[in-house]
Amino acid sequence: GAGLAVRDVVVRYAKAPGGLWRRTRATTVAVDHVSLDVDQGEIVALLGPSGCGKSSLLRAVAGLEPLADGTVTWDDGDLTGVPVHRRQFGLMFQDGQLFPHRDAGRNVAYGLEAQHVPAPERAERVAGLLELVGLAGYERRRVATLSGGERQRVALARALAPRPRLLLLDEPLSALDRRLRERLAAEVRRVLKETGTTALFVTHDHDEAFAVADRVGVMSGGRLLQVAPPEELREKP
Ligand code: ADP
Ligand code: ADP
């Protein structure tokens, strides 16, 4: 099918050496045979408590963690062995990791420079992206002068600039206060829908997952328990 297919994926980490485990090959199973589809244009949230394996699954999809088992495909093409930068996936983290010495415009321009987009088109796309995230005219603003919410808006614009075929967001709003999180979750959804971006959004926050996603996947102990639209999950007692 079109989009992302995760099939029976397992992610393991070696346990820290020491004590009784020293001479064994003990591992932590962070992701335990998870299968999940994210269709083209769809937003899926992965919801669950800290340590349940959300981030490990997202990192495995990104190509940042090796699969101990299973497959990850895009449009039916196997991504095994495809390096991170060749997957054409965008990444956004809790701390947007902006370049602090660049202004907002040049942060957003970063991926376009890498793609050798000519300067006039680049400037136009940067302006459009900043407008899209509610920061019209912010090109010359220094990152140091931006609020936490504004920084994550810039980080979102930067992640979208190269038009990734899949955007992977790992707790992108978790560093912000609750009220701002709620507002930005709705805005992230609007921006992803306006750009037609397919996205996998990791969060431990119910409200955020429900506000952002077309479908919510509930994780616990490395397993994906169920995947359903927010309205169906809400109906559950
Ligand atoms: P979540 O994103 O839901 O908080 P993680 O994927 O970060 O969960 O972690 C899942 C499990 O894997 C946890 O038990 C965590 O301690 C373990 N883990 C995560 N990253 C590593 C790592 N780099 N090395 C060893 N164990 C890890
Ligand atoms: P440096 O900091 O190395 O002197 P510049 O600030 O002149 O470089 O910009 C480097 C590149 O980034 C230039 O090609 C410029 O067109 C592009 N650029 C700079 N600012 C913006 C912006 N606000 N929007 C889009 N592109 C920008």
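Anything mentioned here points back to the structure above.
These figures come from a predicted structure and were not determined experimentally. (Residues numbered from 1 in each chain as written. Chains lettered and ligands numbered in written order. Predicted model: local features only at pLDDT ≥ 70, side-chain atom pairs only at ≥ 80, totals over all residues. Heavy atoms only, no water.)

### Overview of the site of ligand 1
Spelled out, the test is: We define proximity as follows: a residue is near a molecule or strand when any one of its heavy atoms falls within 4 Å of that partner. Each polar contact in these results corresponds to two N or O atoms within 3.5 Å; when the atoms are within protein, one needs to be able to donate a hydrogen and the other to accept it, and residues that are neighboring in sequence are counted only if both atoms are side-chain atoms. Labels follow the DSSP assignment, with helices taken as runs of H or I lasting at least four residues and strands as runs of E lasting at least two, numbered in each case from the N terminus. As a working rule, the residues Ala, Val, Leu, Ile, Met, Phe, Trp, Tyr, Cys and Pro are called nonpolar, Asp, Glu, Lys and Arg charged, and the rest polar, with Gly in that last group.
Neighbouring ligand 1 are the residues Tyr13, Ala30, Pro49, Ser50, Gly51, Cys52, Gly53, Lys54, Ser55 and Ser56. In this structure, Lys54 approaches ligand 1 through a side-chain N or O atom, which is 2.8 Å from an oxygen atom. Here an oxygen atom of ligand 1 and a side-chain polar atom of Ser56 are 2.6 Å apart. At three residues, helix H1 (residues 54–62) tops the list of elements feeding residues into the shell around ligand 1. Of the residues contributing to the shell around ligand 1, the split by class is four nonpolar, five polar and one charged.

### Topic: the nonpolar core
We count it as follows: Throughout, nonpolar core names a set of buried Ala, Val, Leu, Ile, Met, Phe, Trp, Tyr and Cys residues whose side chains join them through atoms within 4.5 Å. Exposure classes here rest on a 1.4 Å probe applied to the protein chains alone. A residue is buried below 20% of its type maximum, exposed above 50%, and partly exposed in between. Residue contacts follow a heavy-atom distance rule, with two residues in contact if any of their heavy atoms lie within 4.5 Å.
Ranked by internal contacts, the top residues of the largest apolar core, which has 45 residues, are Val108, Leu156, Leu167 and Val216. Elements with a minimum of two residues in this core: strand E3 (43–47), helix H2 (104–114), helix H3 (119–132), helix H4 (148–160), strand E7 (166–170), helix H5 (178–194), strand E8 (199–203) and helix H6 (206–212). Residues in contact with Val216, not counting those within four places in the same chain, are Ala45, Leu47, Ala209, Phe210, Gln226, Val227, Ala228, Pro230 and Leu233. Core analysis: the second largest hydrophobic core is formed by 26 residues, Val34, Val44, Leu166 and Met219 among them.

### Looking at the environment of Leu146
Take Leu146: it is sitting in the loop between H3 and H4. For Leu146, a relative accessible area of 5% puts it in the buried group. The spacing of Leu146 and Asp103 is 43 residues in sequence and 10.0 Å in space, taken between C-alpha atoms. Once residues lying within four places of it in the same chain are set aside, the contact partners of Leu146 are Tyr138, Arg141, Arg151 and Val154.

### Notes on the packing of aromatic side chains
Threshold: Pairing of aromatic rings covers Phe, Tyr and Trp, the last through its six-membered ring, and needs centres within 6.5 Å; plane angles under 30 degrees mean stacked, over 60 mean edge-to-face, and all others mean tilted. We call a charge positioned above a ring when the Lys NZ or Arg CZ atom is no farther than 6 Å from the ring centre and deviates by at most 35 degrees from the ring normal.
Within the structure shown, the criterion is met by two aromatic pairs. Ring centres of Trp74 and Phe89 lie 5.8 Å apart, and the angle between their planes is 65°; on these two criteria the pair is classed as edge-to-face. Remark: Phe89 occurs in strand E6 (residues 89–93) and Trp74 occurs in strand E4 (residues 69–74); sequence separation between them is 15 residues. Judged by its relative accessible area of 6%, Trp74 falls in the buried class. The class of Phe89 is buried, set by a relative accessible area of 13%. One residue, Arg158, lies across the ring of Phe99, its end atom 5.0 Å from the ring centre.

### Focus on the sheet that holds E4
Within a sheet, neighbouring strands are paired by backbone hydrogen bonds and run either parallel or antiparallel to one another. Rules: Any two strands with at least two DSSP-identified bridges between them are counted as paired. All axes are obtained by fitting lines to C-alpha atoms, using only the stretch in contact for helices, and the reported angles, taken between N-to-C directions, cover 0 to 180 degrees.
Taken in spatial order, the four strands of this open sheet run E2-E1-E4-E5, and their pairing is antiparallel. Each edge of the sheet is formed by a strand with only one pairing partner; in this case those strands are strand E2 (27–39) and strand E5 (77–78). Here strand E1 (residues 3–14) runs beside E2; their pairing, made up of nine bridges, is antiparallel. Its bridge partner being in E2, Leu4 is matched across the sheet by Val38. Together, E1, E2 and E4 form the strand contacts of H1, whose direction differs from that of E1 by roughly 115°.

### A short note on the site of ligand 2
The test is simple: Areas reported here follow the Shrake-Rupley algorithm with a probe of radius 1.4 Å; residue values treat only the protein chains shown as occluding.
Around ligand 2, a shell composed of Gly105, Arg106, Ala109, Glu113, Ala119, Arg122, Ala123, Val126, Glu139 and Arg140 is seen. Between Glu113 and ligand 2, the recorded distance is 3.2 Å, taken from a side-chain N or O atom to an oxygen atom. One of the side-chain N or O atoms of Arg122 is found 2.5 Å from an oxygen atom in ligand 2. For ligand 2, the accessible surface in isolation is 550 Å², of which the surrounding protein chains cover 52%. A per-class count over the shell around ligand 2 returns four nonpolar, one polar and five charged.

### As for the side chain of Glu208
Along the polypeptide, Glu208 turns up in helix H6. Relative accessible area serves as the criterion here: at 3%, Glu208 is assigned to the buried category. Leaving out residues up to four positions away in the same chain, Glu208 has contacts with Leu173, Arg181, Ala185, Phe201 and Thr203.

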